[in-house]
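Next come the chains, spelled out residue by residue.
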Amino acid sequence: MSSQLLRALRIVLMVMVGLFFLFPLLWVVLMSFMTNVDILRSPPSPFFVPTLRNYLALISGHLSTSSGNVQIDYMHNLLNSVILSVCSVVVSLILGVPAAYAFARYKFRGGEDMAFTLLSFRFAPPLLVLLPLLGYFQTLHLYDTYFGLVWVYQLITLPLVLWIVRGYFEDVSEDIELAYRLDGHGWLATFFKISIPLARPGIAAAGLLSFIFAWNNFIFALILGSSDVQPVTVGALAFITASGIEYGQIAAALVLSVIPTLVLAIFTQRYLVEGLSLGAIKG
Amino acid sequence: MSTLTLTDVSKVYPGSSERSVDDVSMAIKDGEIIALLGSSGCGKTSTLRMVAGFESVTSGTIRIGDTVINRLKPSERNVAMAFEGYALYPPLKVRDNIAFSLLRGRTAKAEIDRRVKAVSDMLELGPMLEKFPPNLSGGQQQRVSLARALVRDASAYLLDEPMSQLEPQLRALLRARIKDHMTLHRMTTVIVTHDQTEAIALSDRVAVMDKGLLQQFGTPEDLRERPANLFVASFIGEPPMNLYTAEVGGGELVVLDERGTPAFRIPCQPGEFAGRRRLSIGIRPHRVHLGAPGNGAAGGSDALIPGEVLSNHWLGDHSHAGIGIGGCFLIAVADRHVEAGVGSQVVLRIPRDAIHIFDDETGLAVAHGLSA
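Remember, predicted model here, so these are calculated numbers, not experimental data.

Parameters at a glance
Residues numbered from 1 in each chain as written. Chains lettered and ligands numbered in written order. Predicted model: local features only at pLDDT ≥ 70, side-chain atom pairs only at ≥ 80, totals over all residues. Heavy atoms only, no water. Helix = DSSP H or I, 4+ residues; strand = E, 2+ residues; numbered from the N terminus. Rg over C-alpha atoms; globule rule 2.2 N^0.38 Å. Buried < 20%, exposed > 50% of the residue type's maximum accessible area, 1.4 Å probe, protein only. Contact = heavy atoms within 4.5 Å. Lys, Arg positive; Asp, Glu negative; His and termini not counted. Charge placed at Lys NZ, Arg CZ, Asp CG, Glu CD. Pairing = 2+ DSSP bridges. Axes fitted to C-alpha atoms, helices over the stretch in contact; angles between N-to-C directions. Buried area = accessible area lost by both parts, 1.4 Å probe. Salt bridge = Lys/Arg side-chain N within 4 Å of Asp/Glu carboxyl O. UniProt positions renumbered as here; feature names shortened; annotations may be inferred. Domains from an automatic or database assignment. Nonpolar A, V, L, I, M, F, W, Y, C, P; charged D, E, K, R; others polar. Expected span 1.5 Å × (residues − 1). Bend = angle between axes of the 7 residues up to and from the residue. Core = buried A, V, L, I, M, F, W, Y, C linked by side-chain atoms within 4.5 Å.

### Some words on the overall build of chain A
The secondary structure content of chain A amounts to 13 helices and four strands. At 24 Å, chain A has a C-alpha radius of gyration far larger than the 19 Å of a compact globule built from 283 residues. Expressed along its principal axes, the backbone C-alpha trace of chain A runs to roughly 75 × 70 × 30 Å. Across the 283 residues that make up chain A, the buried fraction comes to 40%. The long-range fraction of contacts in chain A, counting pairs at least 24 apart against all pairs at least 6 apart in sequence, stands at 72%. Separation between the mean location of the 14 positive side-chain charges and that of the 14 negative ones in chain A comes to 8 Å.

### Description of the sheet that holds strand 4 (residues 59-64) of chain B
Residues and elements named next belong to chain B. If you trace the four strands from one edge of the open sheet to the other, you get 2-1-4-5, paired in antiparallel fashion. Here the strands that pair on one side only, and so sit at the sheet edges, are strand 2 (21-28) and strand 5 (67-68). The pairing of strand 4 with strand 5 spans two bridges and is antiparallel. From the neighbouring strand, Ile64 faces strand 5, where its bridge partner is Thr67.

### Topic: the sheet that holds strand 9 (residues 205-210) of chain B
All names here are of chain B. Pairing in this open sheet of six strands is mixed, and the strands run 6-7-8-3-9-10 from one edge to the other. What marks the edges here is a single partner per strand, and that holds for strand 6 (79-82) and strand 10 (213-218). Shown here is a sheet whose adjacent strand axes are inclined to one another by a mean of 15°, direction ignored. Sheet analysis places strand 3 (residues 33-37) next to strand 8 (residues 189-193), joined by five bridges and oriented parallel. Across the sheet, Leu36 pairs through a bridge with Val192, a residue of strand 8.

### A word on the interface of chain A and chain B
At the junction of the two partners, chain A supplies 14 residues and chain B supplies 22 residues. Across the chain A to chain B interface the summed buried area is about 1,600 Å²; carbon plus sulfur atoms make up 66%. Summed over the shared surface of chain A and chain B, the number is two salt bridges. Across the pair Arg49 of chain B and Asp175 of chain A runs a salt bridge, and its minimum N-O distance is 4.0 Å.

### Some thoughts on the UniProt feature "domain: ABC transmembrane type-1" (unreviewed entry) in chain A
UniProt's entry tags residues 78-268 of chain A with the feature "domain: ABC transmembrane type-1" (unreviewed entry), counted in the numbering of this structure. Taken end to end, residues 78-268 of chain A has its terminal C-alpha atoms 21 Å apart, with 77% of it in helix and 2% in strand.

### Considering the domain arrangement of chain B
All names here are of chain B. The domains assigned to chain B are domain 1 (4-226) and domain 2 (242-368). The distance between the C-alpha centroids of domain 1 and domain 2 comes to 40 Å. With four residues of domain 1 at the interface, the matching set in domain 2 holds four residues. Buried area between domain 1 and domain 2, summed over both chains or domains, comes out near 340 Å², and the portion from carbon and sulfur atoms is 41%. The largest share of the area that domain 1 buries against domain 2 comes from Arg224, Glu225 and Arg226, three residues that together contribute 94% of it. Between domain 1 and domain 2 we count zero salt bridges in total. For the side of domain 1 that touches domain 2, the per-class residue count stands at one nonpolar, no polar and three charged.

### Observations regarding helix 7 (residues 146-171) of chain A
Relative to the 38 Å expected for 26 residues at 1.5 Å per residue, helix 7 of chain A spans 36 Å between its end C-alpha atoms, a close match to the ideal helical length. Approximately 45° is the largest bend angle found in helix 7 of chain A, and it occurs at Leu155 of chain A, with the proline Pro159 of chain A only one to four residues beyond.

### Let's talk about the nonpolar core
By size, the foremost hydrophobic cluster in this structure holds 39 residues, and its most contacted members are Leu4, Leu6, Met26, Ile62, Met81, Leu158 and Val190 of chain B. Sort the elements by how many residues they give to this core and helix 8 (residues 174-182) of chain A lands first, with five residues. Not counting residues up to four positions away in its chain, the partners in contact with Met81 of chain B are Leu182 of chain A together with Leu48, Ala52, Phe54, Ala149, Leu158 and Asp160 of chain B. Val116, Met128, Ala149 and Leu202 of chain B belong to the second-largest nonpolar core, a separate cluster that totals 36 residues.

### Focus: the pairing of strand 3 of chain B
Taken across its five residues, strand 3 of chain B has five buried, putting it largely inside the fold. Side chains of strand 3 of chain B alternate between two faces, with Ile33, Ala35 and Leu37 of chain B and Ile34 and Leu36 of chain B buried alike.

### Focus: the pattern of salt bridges
Residues and elements named next belong to chain B. Applying the stated criterion across every chain, the model contains 29 salt bridges over all chains. Residue Glu130 is joined to Arg95 by a salt bridge in which the shortest nitrogen-to-oxygen separation is 2.9 Å. In this pair, Glu130 sits in the loop between helix 3 (109-122) and helix 4 (138-150) while Arg95 sits in helix 2 (residues 94-104), placing the two residues 35 residues apart along the sequence. By relative accessible area, which is 29% here, Arg95 ends up partly exposed.

Structure, rendered in structure tokens:
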């Protein structure tokens, strides 16, 4: 087969794969500019008069439906998402990076068991833990607080940070740290000046991944908080109103909620790629 | 630029019952270059890492000058080290890797540049100074690692397998340069290596280690001519020393083959080994002279032993001949081409001072050379 034909075939295949994965996203973006009437038209048509009504409703917080006006607090939910995800990732990095270093560098009694226990948090179905946790949260007055939710979010983000960053620390030769210490630097300086910079791509990748996981979480906030602290994932439920489902607003809400993660992914892409190629440039 | 003294130093790793380093004592003089020589797992790297401060000392003391450094942090010991795995900082250029330790010590910029240039010229690193470590070959990285250690002003220099990755020609050249540099600057240096040629070429004294124990600490000549025990005798020298078991008879040593039958006899003074029944004897391959049968009269008081040539290899500048004597096998090395073909008869002349006697049970040296 000629190489030109192969190339053409490859392009066709890549477009097909791309369409397969991106079409739902594209459709959601289109939906966010449609009225409910356009969305529910059968057969569906890509030709419609675009409207900003959905976005305006989200931003102003007034949703007018056939059965009257409904107050929605979507922008507040969006802010909650940002607060919860950013705080969870920051706390996880502060706790997880030194812990990952300890697990990577030192063998201590029960170390492997501890690391595995942290990983096992990811095995259990969250609902199983959540109902008893609800009881505790109400007793401890953690219900419906950012603090409580960030704490529970550690179940999602901390194991990710710990296990990903641990692998990166294990890949960095201990001798590099020892060489730095011989040059007259203390343990702490070595950790901050050598270990962390060398594991930075891993830390960035782990931070981004756990941010996405935290951002997409639904069940924790649904049960452990009210609308005061709930993120967009739970907030989108408000669009299922008495008079029907507001598909247009749901789509617009989705588009708005994807933007922060998308922006973050684009900005950290360099680190992600660096992280993947680190293995290739290691001495 | 200081003495380095180890006194009864032992290391037991957590979870292990064995001593990886067992009561090692050695006094390294100011400006002396020594080599720790041994096979993998003999405790040489553990010893080096204890001096650097990366491993705790289980018992014993390590001193630099008069200061006990056991409990000092690595950063407080003022030792420089070249790592076996190079341990270069990947994000820094070669130049900055070398200068790294100097930048901290308030050394003037011009002085840093001068020293980096001197050490990189010595190690042929000039063209690589602006490159990054991941883009260098193993041998080049190793030289950078060596340069980073040598550029410092340290009390002691620890070099772990410093030239294992270098090409043979460059290695020979750099060995000489580094040795001159270290001698000139009176650098107290410990080199860890499993390569005896390197140990002997670079160092003033060599410490042979096995199973955590210091077997012998002496000059290369000591190790070759006066090995302290059977381990050193068999470890030092290429090809290794010929070793046999012998029984003491009246006025002669009866050398036995593997099945215990007498293979050949070496005359000795009557009563020289009185009180002993069995001995181990060793003969260096380089000290055995090969002659044609009938020329024996020239031997004087040396032992003359007939044998049969079993193999004969010319290695370009010397010959390795395998000789069968009864049931024993002996390797002889001659620095000339040996004509004798396989199967021909020869007479071996072994100088009396080339016969090493060891205790059969403890392996400790009893005598180096028979009395005439």
